[in-house]
Amino acid sequence: MAHPEIRVFNTMQQAKVPLTPITPGKIGIYVCGPTVYSFVHIGNARTFTSFDTIVRYLRFRGLEVRYVRNYTDVDDKIIKAAHENGEDPIELAARFIREFQADAKALHLLEPDVSPKVSETIPEIIAIIEKLIARGAAYAAGGDVYFEVRKYPGYLKLSKKHLDDLVSGAGERELVLEAKRDPLDFALWKAAKPGEPSWDSPWGKGRPGWHIECSAMSAKYLGEHFDLHGGGLDLIFPHHENEIAQSEAASGKTLCNCWMHGGFLDLEGAKMSKSLGNVVRLRDALGQVDPEALRYFFLTTHYRQALSFSDKQLADAETRMEYFYETLRKVDERVTGKDFGKGAVHGEPEKFLRELDEAMSDDFNFPGALGALSGLFNEMNQLTDKPPVKDKALVGRSLVALRDVAKKASLALGLFEDSPQDWLLRRRDRQVARLGIDVKKVDEAINARHAARAAKNFEEADRIRAELKGLRVEIMDTPAGTTWKVTSELSA
Ligand code: AMP
Ligand code: ZN
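Reading the values: rules and limits
- Residues numbered from 1 in each chain as written.
- Chains lettered and ligands numbered in written order.
- Predicted model: local features only at pLDDT ≥ 70, side-chain atom pairs only at ≥ 80, totals over all residues.
- Heavy atoms only, no water.
- 1 Å grid on protein atoms, 1.4 Å probe; cavity = no way out; pocket = protein on both sides within 12 Å on 5 of 7 lines; lining within 4 Å.
- Points joined across faces, edges and corners; volume = space filled by probe spheres on them.
- Helix = DSSP H or I, 4+ residues; strand = E, 2+ residues; numbered from the N terminus.
- Nonpolar A, V, L, I, M, F, W, Y, C, P; charged D, E, K, R; others polar.
- Domains from an automatic or database assignment.
- Pairing = 2+ DSSP bridges.
- Axes fitted to C-alpha atoms, helices over the stretch in contact; angles between N-to-C directions.
- Contact = heavy atoms within 4.5 Å.
- Buried area = accessible area lost by both parts, 1.4 Å probe.
- Salt bridge = Lys/Arg side-chain N within 4 Å of Asp/Glu carboxyl O.
- Polar contact = N/O pair within 3.5 Å; in protein donor to acceptor, adjacent residues only side chain to side chain.
- Donors = N, O, S within 2.8 Å, 3.2 Å for Na, K, Ca; no water.
- Tetrahedral: all angles 85-135°; square planar, octahedral: opposite > 155°, others 65-115°.
- Buried < 20%, exposed > 50% of the residue type's maximum accessible area, 1.4 Å probe, protein only.
- Near = heavy atom within 4 Å.
- Areas by Shrake-Rupley, 256 points an atom, 1.4 Å probe, with all protein chains shown as cover.
- Phe/Tyr/Trp six-rings, centres within 6.5 Å; stacked < 30°, edge-to-face > 60°.
- Lys NZ or Arg CZ within 6 Å of the ring centre and 35° of its normal.
- Expected span 1.5 Å × (residues − 1).
- Parallel < 35°, antiparallel > 145°, perpendicular 65-115°, else oblique.
- Left-handed = near helix turned anticlockwise from the far one by under 90°.

Moving on to the layout of surface pockets. Unoccupied space between atoms shows up once a probe the size of one water molecule is rolled over them. What the second largest pocket holds in volume is close to 310 Å³. Here the lining of the second largest pocket takes six residues from helix H15 (residues 420-435), the largest share from any one element. When the residues that make up the lining of the second largest pocket are grouped by side-chain class, the tally is seven nonpolar, four polar and seven charged. Here the lining of the second largest pocket gathers at least three residues from each of two domains, domain 2 (312-420) and domain 3 (437-486).

So, on to the sheet that holds strand S8 (residues 206-208). The strand order across the open sheet formed by four strands is S5-S6-S7-S8, and the pairing between neighbours is antiparallel. The open sheet is flanked by strand S5 (138-141) and S8, the only strands paired with a single partner. Adjacent strand axes in the sheet meet at a mean angle of 20°, parallel and antiparallel pairs treated alike. Bridge analysis of strand S7 (residues 186-191) against S8 gives three bridges, and the strand direction is antiparallel. Residue pairing in the sheet places Trp-189 in a bridge with Pro-208 of S8. Contacting S5, strand S6 (144-147), S7 and S8, helix H4 (residues 122-134) crosses the sheet at an angle of about 120° to S7.

Attention now goes to the domain arrangement of the chain. Domains assigned within the chain are domain 1 (7-263), domain 2 (312-420) and domain 3 (437-486). Summarising the inter-unit geometry, the C-alpha centres of domain 1 and domain 2 are found 40 Å apart. Interface area, domain 1 with domain 2, both sides summed: about 1300 Å², of which 61% is carbon and sulfur. Among the residues of domain 1 in contact with domain 2, Arg-56, Tyr-57 and Phe-60 are the three that bury the most area, contributing 45% of the side total. Our count for the domain 1 to domain 2 interface comes out at three salt bridges. Ionic pairing is found between Asp-362 and Lys-16, a salt bridge with its closest N-O pair at 2.8 Å. The tally of links from domain 1 across to domain 2 stands at eight residue pairs in polar contact (both at pLDDT 80 or more).

This part covers the coordination of the zinc ion (ligand 2). Distances from the zinc ion (ligand 2) to its protein donors, Cys-32 (SG), Cys-214 (SG), His-239 (NE2) and Glu-243 (OE), fall at 2.0 to 2.6 Å. One can describe the donor arrangement at the zinc ion (ligand 2) as irregular, given that its four donor atoms subtend angles of 77 to 129° at the metal. Sequence spacing among the residues donating to the zinc ion (ligand 2) works out to C-x181-C-x24-H-x3-E. Placement of the pair is Cys-214 in helix H7 (residues 212-222) and His-239 in helix H8 (residues 236-251), with a sequence separation of 25 residues. Both residues of the pair, Cys-214 and His-239, belong to the buried class.

Let us look at the site of ligand 1. Around ligand 1, 18 residues are found, and the nearest of them are Thr-35, Thr-47, Asp-234, Leu-265 and Met-272. Here a nitrogen atom of ligand 1 sits 2.7 Å away from a polar atom, N or O, in the main chain of Leu-265. Measuring from a nitrogen atom of ligand 1, one finds a backbone N or O atom of Met-272 at 2.7 Å. In isolation ligand 1 exposes 490 Å². Once the protein is present, 93% of that is buried. Every element with two or more residues in the shell around ligand 1 is listed here: helix H1 (42-60) and strand S9 (226-232). No other element matches H1, which puts four residues into the shell around ligand 1. Tallied by class, the residues present in the shell around ligand 1 amount to seven nonpolar, nine polar and two charged.

The subject of this paragraph is the side chain of Asn-10. Note that Asn-10 resides in strand S1 (residues 7-10). Side-chain polar atoms of Asn-10 contact the backbone nitrogen of Met-12, separated by 3.0 Å. Side-chain polar atoms of Asn-10 contact the side chain of Gln-13, separated by 2.8 Å.

Along the polypeptide, Gly-396 turns up in helix H14 (residues 392-413). Look at Gly-396 and you get buried, because its relative accessible area is 3%. Placed 56 residues apart in sequence, Gly-396 and Phe-340 show a C-alpha to C-alpha distance of 5.9 Å. If near-sequence neighbours (up to four positions away) are discounted, Gly-396 is found in contact with Val-335 and Phe-340.

A few words now on the packing of aromatic side chains. Enumeration according to the criterion identifies 21 aromatic pairs in this entry. Taken together, a centroid distance of 5.8 Å and an interplanar angle of 40° make the contact between Phe-297 and Phe-298 tilted. Overall, Phe-297 belongs to the buried group, its relative accessible area being 2%. Ring pairing ties together the aromatic residues Tyr-296, Tyr-323, Phe-324, Tyr-325, Phe-377, Phe-416 and Trp-423, which thus form one cluster. Of note, Lys-161 hangs over the ring of Phe-237, and the distance from its end group to the ring centre comes to 5.1 Å. The cationic tip of Arg-181 hangs over the ring face of Tyr-139; the distance from NZ or CZ to the ring centre is 3.9 Å.

This brings us to H7. In terms of residue burial, H7 counts as a mostly covered element, since eight of its 11 residues are buried. Residues of H7 that are buried: Ile-212, Glu-213, Cys-214, Ser-215, Ala-216, Met-217, Ser-218 and Leu-222. With its phi angle positive at about 95°, Gly-223 sits one or two positions after the end of H7.

Bringing the sheet that holds strand S11 (residues 265-267) into the picture now. As summarised here, the arrangement of the three strands in space is S12-S11-S13, forming an open sheet in which the pairing is mixed. Each of the sheet's edge strands pairs with one partner strand only, and the pair in question is strand S12 (270-271) and strand S13 (307-309).

Its 20 residues place the ends of helix H13 (residues 366-385) 28 Å apart at the C-alpha level, agreeing with the 28 Å of an ideal helix rising 1.5 Å per residue. Turning to H13, its buried residues are Phe-366, Ala-369, Leu-370, Ala-372, Leu-373, Leu-376, Phe-377, Met-380, Asn-381, Leu-383 and Thr-384. Those residues of H13 that are buried are in contact with H1, helix H10 (291-299), helix H11 (311-335), helix H12 (350-361) and H14. Sitting at the amino-terminal end of H13 is Asn-365, which places a side-chain oxygen 2.9 Å from the backbone nitrogen of Gly-368.

Another aspect to go through is the packing of H7 against H8. In the contact formed by H7 and H8, the axes pass within 8 Å of each other and the chain directions differ by 60°. The pairing of H7 with H8 is recorded here as oblique in orientation. Taken as a pair, H7 and H8 cross one another with a handedness that is right-handed. Contact residues: Ile-212, Cys-214 and Ser-215 in H7; His-239, Glu-243, Gln-246 and Ser-247 in H8. For the contact of H7 with H8, the per-class residue count stands at two nonpolar, four polar and one charged.

Shown next as structure tokens:
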């Protein structure tokens, strides 16, 4: 299948541009990772899922992707949280890295190829700062080192802000407290304060400022010029602007070819954020719904747009996933282990993959890709339930072809990674718990129905079925025996 050209919205150009790998066939991507001072929330998870899906799709397209996502484990917020707890800051950060890893695994996020930490990149950070000082782009002052913003002509090229506006916004307080030459200058290195983690440096003991870490880690693992750099919208200024200034002033090269920024996840009209306190922890959301349902929910909106969170949206996403998995279960039951011979298929199964490909090539249009899935699953249901053609072998071959398209879609989007049976059973367990269904009673009723049918008492068998239906339990007789599901909370 010939693929369309991939085009990506570049924040720098404010336009979609073709993705042309620096090294043919390869993509280097750096995503700013979590600041590990507390549990990750579903706003962070949305951004990480967007980039996870983008990486999956690029790999699906045959590109060899090197995916780097860092941990910010040295930071003011970490130090503050550690002091409040009476814990060592590096240990607190290490603890929340482990928690993050557990949550990321539960959400089925890909493990990045490299997940560097600030605390393990100090020599490289110091080396860049030394280079910046040598080039006259930065200056040491009283154990701190600052980047001299006005000496770097490209400053604000990403955020399109104006220096004059920033000047009036810069706090005088900082001017008094810090040894900056200009309120616009930002810290590359901060002199050690008591109780803070610190490392030896040419400027005395201290620790890096926030932004320099990403300049050092991206250069270390992707080189000084790479393909894609991502993060949430809130990182455009100052974080990414400062990364560009530091990296480009040090290397003289363009830091990356394309800047990608994800929209916010909102809760009740405000950005979900730890500082506002309006957060839903990822692990709490995953206690409620399946990880793929959360992923599906994230994919319902384009990665650059804002997405509003509600429990209802999440529940609806899981109901939608149930429809998909139920369809796959039905199709598998119909085709597994069967040979339908070679020959024509009904319709054009590949069409759905082409639609998905076109949507994803166009700046990773997630909702467009989900639209292609809708068509695909609708077609699978048509062919299993109401086949428009009589030829059973033709229907079988068509279902096999559609199932194959679903497998490819799964690779491209990170959905349907589970076996349908397992997924549906877990969904049922959650519903049983939520609705307080007595599973023992259901099993007894199913046995009683079997006995009634064996005794040819079909009236009683039907009565039992109807009684269970009243409890939202629907019995299904399949070739593998009788099973049951909870009727959808939406359709009930
Ligand atoms: P932090 O741990 O705060 O540095 O954030 C990690 C990542 O999550 C960054 O890329 C942020 O831009 C992103 N992020 C934070 N809050 C939200 C939100 N409400 N919606 C989407 N992304 C977010
Ligand atoms: Zn960063």
